Amino acid sequence: MELKSCKKLYLKETHRIKSPEETFEIVEPLTETAGITRVADITKLDRLNIPVFSCIRPGAADGAISVYNGKGATPIAARVSAIMEGIERYSAEFQERSSNGGNNGGDGDSKSLITGKYPDLAEEFEVLDPVELILPEAIDPDAVIPWTPCYEMLLDDNGNLVLEELLVPAAAVYHPLPSHHYSIFRTGTNGIASGNALEEAIFHAMCEVIERDAWSLAEAGKTGGKLIIDIDDPDILNMVRLFNDAGVDVFLRDITSDIGLPTIAAVSDDVELKDPTLLCLGMGTHSSPKIAALRALTEAAQSRATQIHGAREDATIADVRKQIGYERTKRLNAKWFDESETISWPELKDISSDDFLDEIKNTIRALNNVGLQTVIVKDLTRPELGIPVVHVIIPGIESFAIDSDRMGIRCKAARAKASKTGSRVRKYVRET
């Protein structure tokens, strides 16, 4: 795998090297190969009129969902988002077949797996210690497990990007991993992303992992960050207006972590219906605060539409919310409605670059600066599709918000800090 300069050519509601229309022309003919049988516009199921599409892939592997969703500022962007989500899931499935499995490097099928214990393999190869991946309790890090070759992305003394091969537990790479392969934790899609180029896909995968880390720190620390005020960006205001005109309150909150990559949460509250299942969150992380905010808003809209559509993965949470009701659900999530701390929109600095390779390098530096020294990438691109798909793994980064069995030192520190200093949220709850 080789990474090189990759200039951004589309800089509207997202940063890409191709417009949504150009990407659609490439990926639409590939839907059948990826097992996608239907792409449906579900925008009108909700009253926001923010584009949301649903993608159906009934042949998904056991242990994986078969309905994926896409959002965007325009219908074509949302349609492409849904299709790319389906392609990501197809590409990330472990392929037992060796005839066409694998990525551009030919190492994505069962032949690429090495089975063994970490201490034994470490005598012969460069191997990632499973402990660095934040394991659930009572898991033996030296168990016999399958491993797959990936690349660690490093910066040399001159700031050049260097790739070094590293064996990584297959459970951290593929989703799902077939049940006959022992897994040391639940597989997932965090850090899987597609793009028009490898560099584009890698940066967006890194953003997703950092987003889940910031969200996890917020949950563990019982804080919803700072309420963003004085927003003057017309594109963001127009999208907020779509929520408000439909009788839905929406708030943007800055939950950027110590990593420094702008991370924004959009909190929506349907004040007309007062439906607890429609108290929805959307998250966005990007080097551009504007793009992070737009991603958060469209994801909140997607959460609403897919909740209505009945295609959410967290249906159990929705059932619990129905049982406890709107007011109590809102109190239990009071941190997201706390207005005691604010930040002005102009204070959120745009740190974006016009080249995805520079974005990757800058993000690696930011991760290294907070002690996250290892950044790993696996190229999952399927040759029968040719659409770049990668999985980025950052050992030590948190995913507690989506996998409560795994809490690392960052979340533990955030929880300890919250317990020592007390919580502003408790004050908010008493007042409301």
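Procedures and definitions
Residues numbered from 1 in each chain as written. Predicted model: local features only at pLDDT ≥ 70, side-chain atom pairs only at ≥ 80, totals over all residues. Heavy atoms only, no water. Helix = DSSP H or I, 4+ residues; strand = E, 2+ residues; numbered from the N terminus. Polar contact = N/O pair within 3.5 Å; in protein donor to acceptor, adjacent residues only side chain to side chain. Contact = heavy atoms within 4.5 Å. Axes fitted to C-alpha atoms, helices over the stretch in contact; angles between N-to-C directions. Left-handed = near helix turned anticlockwise from the far one by under 90°. Nonpolar A, V, L, I, M, F, W, Y, C, P; charged D, E, K, R; others polar. Parallel < 35°, antiparallel > 145°, perpendicular 65-115°, else oblique.

This next bit is on the side chain of arginine 410. The topology assignment puts arginine 410 in helix α10 (residues 409-421). At a separation of 2.8 Å, a polar atom in the side chain of arginine 410 contacts the side chain of aspartate 213. Within polar-contact distance, the side chain of arginine 410 engages the side chain of aspartate 258 at 2.8 Å. The residues touching arginine 410, leaving out its near neighbours within four places in the chain, are Asp213, Leu217, Ser257, Asp258, Ile259, Val370, Leu372, Gly396 and Glu398.

On to the packing of helix α4 (residues 198-220) against α10, then. In contact at an axis separation of 8 Å, α4 and α10 are set at 35 degrees when each is read in the N-to-C sense. Of the two elements, α4 crosses α10, and the hand of that crossing is right-handed. Within the contact between the two elements, α4 uses Asp213, Ser216, Leu217 and Ala220 and α10 uses Arg410, Cys411, Ala414 and Arg415. Looking at side-chain class alone, the contact of α4 with α10 contains four nonpolar, one polar and three charged residues.

Where helix α5 (residues 234-245) contacts helix α6 (residues 289-309), the two axes come as close as 10 Å, and the packing angle between them is 15 degrees. For the element pair α5 / α6, the angle class is roughly parallel. Crossing handedness for the pair α5 and α6: left-handed. Side by side, α5 and α6 meet where Asp235, Ile236, Met239, Val240 and Phe243 of the first sit next to Lys290, Ala293, Leu294, Leu297, Thr298, Ala300 and Ala301 of the second.

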